[in-house]
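Residue strings, one per chain:
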Amino acid sequence: MDLLLSAIEILMRWDVALALLVGSVGGVLIGAIPGVGPAVAIAILLPATFSMDPIVGLTVLLGIYGSSMYGGAIPAILINTPGTAVNALSTYDGYPMTARGEPQRALSLAYSASFYGGMFSVLCLILFAPVLARVAPLFGSREIFLAALLGMVLVVTAHRGQSLIAAALAALGIFIQTIGFEPVKYTQRYTFDQPFMQGGINLIVVVLGLFALSQAFVLLTSEDETYRPTRLRGGLLQGFRELARHPRVATVSAFFGVLMGIIPGVGEFNSQFLSYTYAQRTSKRPEDFGHGSSEGLIASETSNNAVPAAAMVPLLALGIPGEQLTAMMLSVFYVHNVVPGPGLFQNSMDFVVALYIALAVLNVLVILFLLVATKPLIQVVRIPNRFLGICVLTLSFVGVYSLRNSVTDCVMAALFGLFGYVLKRLDLPSVPIILGMVLGNIMEVKLRAGMARVKEPWDFIDRPISFILFVSILLIIAFHIRRVVLERRDLKQAEAGTRTRPNRFGGLLARRRESLLRVRGRMVRARHK
């Protein structure tokens with residue numbers, strides 16, 4: 001009880017309340033604009049949060065992170081264009097509801113499912129916080145190194161069909177973080193005697209370039225889209241009553257979101273597809289999925305909104321970000337000398353609980369805001385892409401320059417922006433670069449610290465947690481290799497089938513041509529008679 005009261009006392013400040021309001025409302029607006037997304041908004045706001053207290057800056061970023069998925073459902077349901085990438089699955093059943101004249105039912109169902117998923121996640125993590133506090137001290141340097149390596153492996157294997165390029169980009173991120181002075185003996189690495197390279201390449205510069213500037217280039221080079229306005233009639237509270245008729249789907253989907261959020265590198269997409277697949281296979285009407293099924297919409301929206309709170313677990317307990325948004329938040333901790341990891345749960349447990357309570361309050365504020373402001377928010381999707389691109393470009397360069405008042409940082413950000421634009425055009429992931437920079441630094445420091453007590457290779461995994469992590473890495477790599485081999489075998493079989501298909505297809509065309517000629521001949525002879 002004392003811990004809870006101490007956490008509430010941290011939140012009972014006017015600046016924290018303002019951060020909660022700005023984060024919740026701003027995240028909904030950002031999510032409702034197709035093509036922007038929370039990563040761009042967080043990258044732009046990141047330099048501004050460095051001057052705030054840790055709880056204030058993190059509350060703003062967490063608000064944008066969590067509430068953007070609420071707003072992303074609006075264009076996904078009304079105009080079949082997801083506001084954020086993780087709302088893509090909501091178009092499967094949300095837009096068909098709109099097409100048959102039920103937009104208010106789809107929106108209210110999406111809001112209620114998102115609220116249930118967010119609150120379920122926060123409640124689970126508040127209850128499990130004491131367990132995490134006891135487990136966290138068991139992680140030493142070797143365990144944290146292996147956990148970071150596990151996160152890297154999960155990030156690479158999560159990109160199905162692009163594992164090699166994801167591994168190469170993660171290696172590029174590890175290389176980028178080695179530029180400058182190395183952290184132990186402070187010797188120069190890859191600086192080439194250039195003064196501006198001695199300080200290394202700032203993580204925020206790379207983040208703004210790869211996400212914000214690249215997205216600005218995409219918006220500037222894309223055509224403005226025209227949207228057909230949709231009228232909303234009826235109340236938006238009916239979704240809670242309909243959600244109550246599907247408690248099993250909602251609870252299982254929220255559980256999948258919590259589980260996938262805790263595992264680094266997995267995130268919303270896997271939780272969504274697992275939840276959607278489960279809901280379809282256990283539904284009494286699986287044929288409705290993809291054509292306006294309420295269970296499908298509940299599964300997708302509940303699972304993706306259960307991830308943000310759970311994604312904070314590896315960040316807070318081990319200092320390991322699971323994806324790009326938590327990697328950006330990690331820099332806020334470092335700027336304020338708040339080091340995530342086992343010590344945070346031991347020494348600042350009230351701070352951790354305050355973050356989770358802030359997430360719960362954010363969900364309440366977002367749902368109240370959406371119930372009264374959905375109709376005006378529909379007009380946000382009409383903002384031209386090029387105007388958005390100019391705004392993002394300007395704010396990004398302002399944010400980069402405000403870091404160190406350096407034109408060199410702006411040039412580097414522009415170069416990474418062009419590189420990120422190329423990755424987007426080639427449909428290649430840019431997340432492994434950021435995680436490579438963050439996890440690479442953790443792995444280097446912890447490996448050097450852990451090797452001081454290692455005399456034989458077995459000493460590195462002689463403790464239970466390190467051994468479990470090591471075996472997990474081997475199993476994940478083995479399963480991934482097996483999956484790749486099976487996919488290549490299926491591909492070869494499909495290619496072998498296509499070699500004989502043209503012959504069958506040619507025969508079919510020949511028979512069809514002969515039939516048409518016979519019919520044509522009968523018509524001509526009948527006309528001459």
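The present account deals with the structure reproduced in this document. (Residues numbered from 1 in each chain as written. Predicted model: local features only at pLDDT ≥ 70, side-chain atom pairs only at ≥ 80, totals over all residues. Heavy atoms only, no water.)

### Thoughts on helix 19 (residues 407-425)
Right, so step 1: Over its 19 residues, helix 19 runs 27 Å from end to end, which matches the ideal 27 Å to within 8%, given 1.5 Å per residue.
Right, so step 2: All of the buried residues along helix 19 are Asp 409, Cys 410, Met 412, Ala 413, Phe 416, Gly 417, Gly 420, Tyr 421 and Leu 423.
Right, so step 3: Measuring from the backbone nitrogen of Thr 408 back to the side-chain oxygen at the start of helix 19 gives 3.2 Å, which picks out Ser 406 as the cap.
Right, so step 4: Backbone geometry just downstream of helix 19 places Asp 427 in the positive-phi region, at approximately 60 degrees. (Helix = DSSP H or I, 4+ residues; strand = E, 2+ residues; numbered from the N terminus. Expected span 1.5 Å × (residues − 1). Buried < 20%, exposed > 50% of the residue type's maximum accessible area, 1.4 Å probe, protein only. Polar contact = N/O pair within 3.5 Å; in protein donor to acceptor, adjacent residues only side chain to side chain.)

### Considering the nonpolar core
Right, so step 1: Within the largest apolar cluster, 112 residues are counted, with the highest numbers of intra-cluster contacts made by Ile 55, Tyr 65, Leu 316, Met 328, Met 329 and Tyr 356.
Right, so step 2: Counting 27 residues, the second-largest nonpolar core is a separate cluster that includes Ala 73, Ala 250, Val 366 and Leu 370. (Core = buried A, V, L, I, M, F, W, Y, C linked by side-chain atoms within 4.5 Å.)

### Concerning empty space enclosed by the protein
Right, so step 1: In the structure shown here, the tally under the stated rule is three cavities of 30 Å³ or more.
Right, so step 2: What the largest cavity holds in volume is close to 120 Å³.
Right, so step 3: Surrounding the largest cavity, 14 residues form its lining, Gly 66, Ser 67, Pro 308, Leu 359 and Asn 363 being those nearest its centre.
Right, so step 4: When contributions to the lining of the largest cavity are tallied by element, the ones reaching two or more residues are helix 4 (54-78), helix 6 (103-135), helix 14 (307-318) and helix 17 (349-377).
Right, so step 5: With five residues, the single largest contributor to the lining of the largest cavity is helix 4.
Right, so step 6: Counted by class, the lining of the largest cavity contains eight nonpolar, six polar and no charged residues. (1 Å grid on protein atoms, 1.4 Å probe; cavity = no way out; pocket = protein on both sides within 12 Å on 5 of 7 lines; lining within 4 Å. Points joined across faces, edges and corners; volume = space filled by probe spheres on them. Nonpolar A, V, L, I, M, F, W, Y, C, P; charged D, E, K, R; others polar.)

### Overview of the packing of aromatic side chains
Right, so step 1: Here the structure, examined in full by the defined rule, presents six aromatic pairs.
Right, so step 2: Relative to Phe 256, the ring of Phe 255 lies with its centre 6.4 Å away and its plane at 50 degrees, an arrangement referred to as tilted.
Right, so step 3: A residue is classified by how much of its surface remains accessible, and Phe 255, at 46% relative accessible area, is partly exposed.
Right, so step 4: Look at Phe 256 and you get buried, because its relative accessible area is 19%. (Phe/Tyr/Trp six-rings, centres within 6.5 Å; stacked < 30°, edge-to-face > 60°.)

### Section: the pattern of salt bridges
Right, so step 1: Evaluation of the coordinates by the stated rule reveals five salt bridges.
Right, so step 2: One salt bridge in this structure joins Arg 142 and Asp 462, with 3.4 Å as the shortest N-O distance. With a gap of 320 residues between them, Arg 142 in helix 7 (residues 141-158) and Asp 462 in the loop between helix 20 (431-451) and helix 21 (464-528) connect regions that are remote in the sequence.
Right, so step 3: Note on Arg 142: relative accessible area 10%, which makes it buried.
Right, so step 4: Residue Asp 462 is classed as partly exposed on the basis of its relative accessible area, which comes to 41%.
Right, so step 5: The salt bridge partner of Glu 143 is Arg 463, with a shortest N-O separation of 2.9 Å. Of the two residues, Glu 143 is situated in helix 7 and Arg 463 in the loop between helix 20 and helix 21; the sequence distance between them amounts to 320 residues.
Right, so step 6: Residue Glu 143 is classed as buried on the basis of its relative accessible area of 1%.
Right, so step 7: Residues joined by salt bridges that share partners form a network here, namely Arg 189, Glu 444 and Arg 448. (Salt bridge = Lys/Arg side-chain N within 4 Å of Asp/Glu carboxyl O.)

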